[in-house]
Amino acid sequence: MKISTTAIDIISAIALFNAKPTLANTKSCLDSDSVDYNNDYFPFKATPKYSKYWDISYHNTYKIMTNKATSTTFLMYQCGTVPPAEETGKHNMTFAVPLQTGL
């Protein structure tokens with residue numbers, strides 16, 4: 001069955017219309033049953049504009065902060081998601097954000 005280009009365009013438009021991007025950083029835990037691992041849950045990103053001692057990289061459901069002065073790294077994953085397997089055990093600390101009860 002061949003699908004016309006017009007049909008593909010319509011399906012793509014519907015998918016985009018129904019997508020629900022995160023418009024602000026999430027302030028509470030996500031419902032683990034409805035997490036979209038392709039969604040960026042950190043749309044507002046901090047940058048080390050005036051500091052050479054830290055850096056941060058953002059990924060859809062987690063971020064990695066590096067203290068360059070001490071070579072310490074922190075894996076912070078969105079509460080309600082699962083830390084990525086490829087990052088587990090590689091960092092000095094791993095914790096969910098936003099913090100619910102402190103460290």
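Structure: above.
Residues numbered from 1 in each chain as written. Predicted model: local features only at pLDDT ≥ 70, side-chain atom pairs only at ≥ 80, totals over all residues. Heavy atoms only, no water.

A word on the packing of aromatic side chains. The geometry of an aromatic ring pair comes down to the distance between the two centres and the angle between the two planes. Across all of its chains, the model carries 1 aromatic pair by this definition. We note Lys-45 situated over the ring of Tyr-58; from NZ or CZ to the ring centre the distance is 5.3 Å. (Phe/Tyr/Trp six-rings, centres within 6.5 Å; stacked < 30°, edge-to-face > 60°. Lys NZ or Arg CZ within 6 Å of the ring centre and 35° of its normal.)

Counting across every chain of the model gives 1 disulfide. Put simply, Cys-29 and Cys-79 are joined by a disulfide, and their sulfur atoms are 1.7 Å apart. For the disulfide bridge between Cys-29 and Cys-79, the dihedral angle about the S-S bond is near 60°, and by the sign convention the bridge is right-handed. A residue pair is termed long-range when its members are at least 10 positions apart, and Cys-29 in the loop between helix H1 (5-18) and strand S1 (54-58) and Cys-79 in the loop between strand S3 (72-78) and strand S4 (93-97) qualify at 50 residues. (Disulfide = S-S within 2.5 Å. Helix = DSSP H or I, 4+ residues; strand = E, 2+ residues; numbered from the N terminus.)

Right, let's get into the sheet that holds S3. If you walk across this open sheet you meet the 4 strands as S1-S2-S3-S4, and the pairing is mixed. Two strands in the sheet have a free side with no partner beyond their single neighbour: S1 and S4. Going from strand to strand, the sheet's axes swing by 20° on average, the running direction of each strand aside. (Pairing = 2+ DSSP bridges. Axes fitted to C-alpha atoms, helices over the stretch in contact; angles between N-to-C directions.)

This paragraph deals with unusual backbone geometry. When glycine is set aside, most residues are seen to have a negative phi, and most peptide bonds are trans. Pro-98 follows Val-97 through a cis peptide bond whose omega is -5°. Note that Pro-98 resides in the segment after S4. One non-glycine residue, Ser-71, lies in the positive phi region at around 55°. Assignment of secondary structure puts Ser-71 in the loop between strand S2 (62-67) and S3.

A few words on the pattern of salt bridges. Scanning the entire structure with this criterion turns up 2 salt bridges. Asp-40 is the partner of Lys-45 in a salt bridge, and the nearest nitrogen-oxygen pair spans 2.7 Å. Classification of Asp-40 as partly exposed rests on a relative accessible area of 26%. A salt bridge links Lys-90 to Glu-87, with the nearest nitrogen and oxygen atoms 3.6 Å apart. Lys-90 sits in the exposed class, given a relative accessible area of 53%. (Salt bridge = Lys/Arg side-chain N within 4 Å of Asp/Glu carboxyl O. Buried < 20%, exposed > 50% of the residue type's maximum accessible area, 1.4 Å probe, protein only.)

In this section: the environment of Thr-66. With respect to the helices and strands, the residue Thr-66 is situated in strand S2. A residue is classified by how much of its surface remains accessible, and Thr-66, at 24% relative accessible area, is partly exposed. Considered as a pair, Thr-66 and Tyr-53 are 13 residues apart in the sequence and their alpha carbons are 8.3 Å apart. Among residues more than four places away in sequence, those in contact with Thr-66 are Tyr-53, Trp-54, Asp-55, Thr-72 and Thr-73. (Contact = heavy atoms within 4.5 Å.)

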